[in-house]
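# Structural overview for review
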Amino acid sequence: MTATQKSSGAKTRRTRRTGRRDPLAITLLKKDHREVAAMFEEYEQLEAEAEKLALFNKIALALKVHTQIEEEILYPEERGTVEDDLLDEAYVEHDGAKKLIAEIEAMQPSEDFYDAKVKVLGEYISHHVKEEEQPGGVFAQAKRGDEDLEAMGERLKARKEELTAQLSGKKTS
Ligand SMILES: [Fe+2]
Ligand SMILES: [Fe+2]
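So, a few notes on the structure that sits alongside this text. The model shown is predicted, which means the values in this text are computed figures rather than measured ones. (Residues numbered from 1 in each chain as written. Chains lettered and ligands numbered in written order. Predicted model: local features only at pLDDT ≥ 70, side-chain atom pairs only at ≥ 80, totals over all residues.)

Within the protein chain one finds six helices and zero strands. Across the 173 residues in the protein chain, those meeting the buried criterion constitute 21%. A separation threshold of at least 6 residues defines the contact pool for the protein chain, and within that pool the share at least 24 residues apart is 66%. (Helix = DSSP H or I, 4+ residues; strand = E, 2+ residues; numbered from the N terminus. Buried ≥ 20, exposed ≤ 12 C-beta atoms within 10 Å, placed from the backbone. Contact = placed C-beta atoms within 7 Å.)

Below, the discussion takes up unusual backbone geometry. For residues that are not glycine, phi is negative in most cases, and the peptide bond is trans in most cases. Here the phi dihedral of Phe113 falls at roughly 75 degrees; this positive angle occurs in a residue that is not glycine. Judged by local crowding, Phe113 falls into the exposed class, with 12 C-beta atoms found within 10 Å.

Helix packing for two helices is described by the angle between their axes and how far apart those axes are. Between helix H1 (residues 24–45) and helix H6 (residues 149–167), whose axes approach to 6 Å, the crossing angle comes to 40 degrees. Classified by the angle their axes make, H1 and H6 are oblique. Taken together, the residues of H6 that come into contact with H1 (itself represented by Leu24, Ala25, Ile26, Thr27 and Leu28) are Leu149, Glu150, Met152, Gly153, Glu154, Leu156 and Lys157. Classifying every residue of the contact of H1 with H6 by side-chain character gives seven nonpolar, two polar and three charged. (Axes fitted to C-alpha atoms, helices over the stretch in contact; angles between N-to-C directions. Parallel < 35°, antiparallel > 145°, perpendicular 65-115°, else oblique. Nonpolar A, V, L, I, M, F, W, Y, C, P; charged D, E, K, R; others polar.)

Turning our eyes to something else, we now look at helix H2 (residues 49–78). The periodicity of an α-helix, 3.6 residues per turn, causes residues three or four positions apart to be oriented the same way. End to end, H2 covers 41 Å across 30 residues, agreeing with the expected 44 Å (1.5 Å per residue, within 8%). Bending of H2 peaks at approximately 40 degrees at the position of Glu71. Three or more residues of H2 are buried, namely Phe56, Ile59, Ala60, Leu63, Val65, His66, Thr67, Ile69, Glu70, Leu74, Tyr75 and Glu78. Elements in contact with the buried residues of H2: H1, helix H3 (84–105), helix H4 (114–133), helix H5 (138–144) and H6. Once H2 ends, the next one or two residues include Gly80, with phi positive near 100 degrees. (Expected span 1.5 Å × (residues − 1). Bend = angle between axes of the 7 residues up to and from the residue.)

Okay, the environment of Glu133 next. In this structure, Glu133 sits in helix H4. Remark: the alpha-carbon pair of Glu133 and Ile26, spanning 107 residues in sequence, is separated by 9.2 Å. Ignoring any residue separated from it by four or fewer positions in sequence, one finds Glu133 in contact with Lys30 and Phe139.

A word on H4. With 20 residues, H4 should cover 28 Å at 1.5 Å per step; its first-to-last C-alpha distance of 29 Å lies within 8% of that length. Within the sequence span of H4, burial applies to Val118, Leu121, Ile125, His128, Val129 and Glu132. Viewed along the axis of H4, the buried residues span an arc of 100 degrees, placing them on a single side of the element. Across H4 from its buried face, at more than 90 degrees, point the exposed residues Ala116, Glu123, His127 and Lys130. Where H4 is buried, its residues touch H1, H2, H3 and H5. (Arc of directions from axis to C-beta.)

As a further point, take the packing of H3 against H4. For the pair H3 and H4, interaxial distance at closest approach is 10 Å and the crossing angle is 165 degrees. By the angle class used here, H3 and H4 are roughly antiparallel. Every pair of crossing elements has a handedness; the one defined by H3 and H4 is left-handed. Two secondary-structure elements touch here, H3 through Ala90, Glu93, Gly96, Ala97, Leu100, Ile101, Glu103 and Ile104 and H4 through Tyr114, Lys117, Val118, Val120, Leu121, Tyr124, Ile125, His128 and Glu132. (Left-handed = near helix turned anticlockwise from the far one by under 90°.)

Rendered as structure tokens:
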């Protein structure tokens, strides 16, 4: 712990385990992780097919935006800082998730295996999130590097807004 690292006061972003403040990039990505986990949990409670479809669409959008900002910004910029194997596995896991999302998107909630596929996607994502956040994982290694994760956080945030508008069909012009 650096003794000079006093909180600016306005915002406290501290990790539960160490009490140390997370840089913005990590805070934002972890927040996405929590939000999508909550949506998967909410899905479990749904009965109506229209509600399932609407919520799945929200989950799919959130996951597409999140994986894309990691692939455009975090992963390439951390190449050389974070172990190659970890980053390679993260890309492969993203690809697996994208395939499953596409399969679900091609289905109707009334079909056999729809709920099962959503459930498995949730488990798959939760495994991936654990790997990113665990001690020695992508986030932990990134935090030990020299990249400015505060500035990266601003870029992640801007790109997230842009992609969310784009992928949800909203015109930004
Ligand atoms: Fe990821
Ligand atoms: Fe992530």
